[in-house]
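Fold and geometry: a report
Chain residues, written in single-letter form:
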Amino acid sequence: MGFRCGIVGLPNVGKSTLFNALTNAAPADTGNYPFCTVEPNVGRVPVPDRELEELARVAKSARTVPTMLDVVDIAGLVRGASNGEGLGNQFLAQIREVEAILHVVRCFEDDQVSHVEGPVDPIRDIELIETELMLADLESLERQLDGVTKRARGDDKEAKALKPLIEAALEVLRDGRPVRALTVSQAERPLLKLLHLLTAKPVLYVCNVDEADAQGGNVLSAAVERRAAEEGAEAVVVSAAIEADIAALGEAEEKRAFLDDLGLEAAGLERVIHAGHRLLGLIRFMTCGPNEARAWTLKKGASAREAAGNIHRDMARGFICAETITFADFVASGGEAGAKTAGKMRQEGADYAIKESDVILFRFNV
């Protein structure tokens, strides 16, 4: 299990450049004009995982298989998108299909790259996009409320549960806030997903800065970070231009040398991907053997039985136990045998809540 996220933002903020760097695949169209991307580009991205590489080294695994991230490059939204401006309805429909939003915000000045709204102002840009998404949600909910109200009168149980949720979401939107600001109970979350609301999706702000500001950001990106903190969201500073240069390099040693020259500890895209995992409440556990070391992704709080089923349903059906070692203990003990001898291996039952970086061997019988 990975997750599917959509890259959104105004035209000419660096979305397609970032997408190309993320996927390192056949380039998406890029250019200095609005709607360069019309049809969404979709790519699968391996999640950078230094722990998995270390696990494979210690376990002497022949290969590593990281977890994957699905990325959708959605065309630039513009003012009036909720009314169909700039093919807005088409682009908004594409956003409804993703689980999380990577909102790329322009935080660099460049006279050679036009801005559809004039001067560079990332907070204005964020509010513009947010307003269009809220207007689209408002229209959608008002339309849905009519049908749900009629069904609720007919004693439809789902409609009866949906009606107060829709009314609460409408109140939040009319107050000028996104639906993710609404307090929702655990029981209401599946119902909220049925409404397919744009502003209910978690958001990660990606501040695209120029090369000189890649390490520490700038005044514009700092404003976005403050905005994200107020919302309880996250923000990551990257230079799409630098990430494109890194993606074009071949060997890992070349990329490391390039980052060292720039004084960067890691590529910005690593931070984007890992922040995306946190955004969706995902964790990952690992399995290893002589053939491969593999990372698996699942929702935080998932049980050992669910994790086993993530690998194969027969493993969940015939679950016996999960022999579990923390990553740190696995490496420190020199592998599974050393960890077992040192008493660092635990036998966990089906209801055990998987922890980040657990190294697990599932025992099952079918």
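For the structure given in this document, a descriptive report is provided here. Keep in mind the model is a prediction, meaning the values are calculated, not measured.

1. Observations concerning the packing of helix α8 (residues 240-248) against helix α9 (residues 252-262)
Remark: α8 packs on α9, axes separated minimally by 9 Å, with the N-to-C direction vectors making an angle of 150°. Between α8 and α9, the angle is such that the two are roughly antiparallel. The element α8 and its partner α9 pack so that their crossing is right-handed. Contact residues: Ile242, Asp245 and Ile246 in α8; Lys255, Phe258, Leu259 and Leu262 in α9. Class assignment of the residues belonging to the contact of α8 with α9 gives a composition of five nonpolar, no polar and two charged.

2. Some details on the layout of surface pockets
In this structure, the largest pocket spans a volume of roughly 1,200 Å³. If you trace the largest pocket, you find 34 residues lining it, with Ala200, Lys201, Pro202, Leu279 and Leu280 closest to the centre. For the lining of the largest pocket, the secondary structure elements donating two or more residues are α4 (122-153), α6 (189-194) and α7 (219-231). No other element matches the four residues that α6 contributes to the lining of the largest pocket. Of the residues belonging to the lining of the largest pocket, the class tally is 16 nonpolar, five polar and 13 charged. In terms of lining residues, the second largest pocket is bounded by 27 residues, among which Pro46, Pro48, Lys255, Ala267 and Glu270 are the most central.

3. Observations concerning the packing of helix α1 (residues 15-23) against α8
Viewed as axis vectors pointing N to C, α1 and α8 meet at an angle of 30°, and their least axial separation amounts to 8 Å. Regarding the angle of α1 to α8, the classification is roughly parallel. Judged by the sense of rotation from one axis to the other, the crossing of α1 with α8 is left-handed. Along its contact with α1, which presents Thr17, Leu18 and Ala21, the element α8 presents Ala240, Glu243, Ala244 and Ala247. For the contact of α1 with α8, the per-class residue count stands at five nonpolar, one polar and one charged.

Rules behind the numbers
Residues numbered from 1 in each chain as written. Predicted model: local features only at pLDDT ≥ 70, side-chain atom pairs only at ≥ 80, totals over all residues. Heavy atoms only, no water. Axes fitted to C-alpha atoms, helices over the stretch in contact; angles between N-to-C directions. Helix = DSSP H or I, 4+ residues; strand = E, 2+ residues; numbered from the N terminus. Parallel < 35°, antiparallel > 145°, perpendicular 65-115°, else oblique. Left-handed = near helix turned anticlockwise from the far one by under 90°. Contact = heavy atoms within 4.5 Å. Nonpolar A, V, L, I, M, F, W, Y, C, P; charged D, E, K, R; others polar. 1 Å grid on protein atoms, 1.4 Å probe; cavity = no way out; pocket = protein on both sides within 12 Å on 5 of 7 lines; lining within 4 Å. Points joined across faces, edges and corners; volume = space filled by probe spheres on them.

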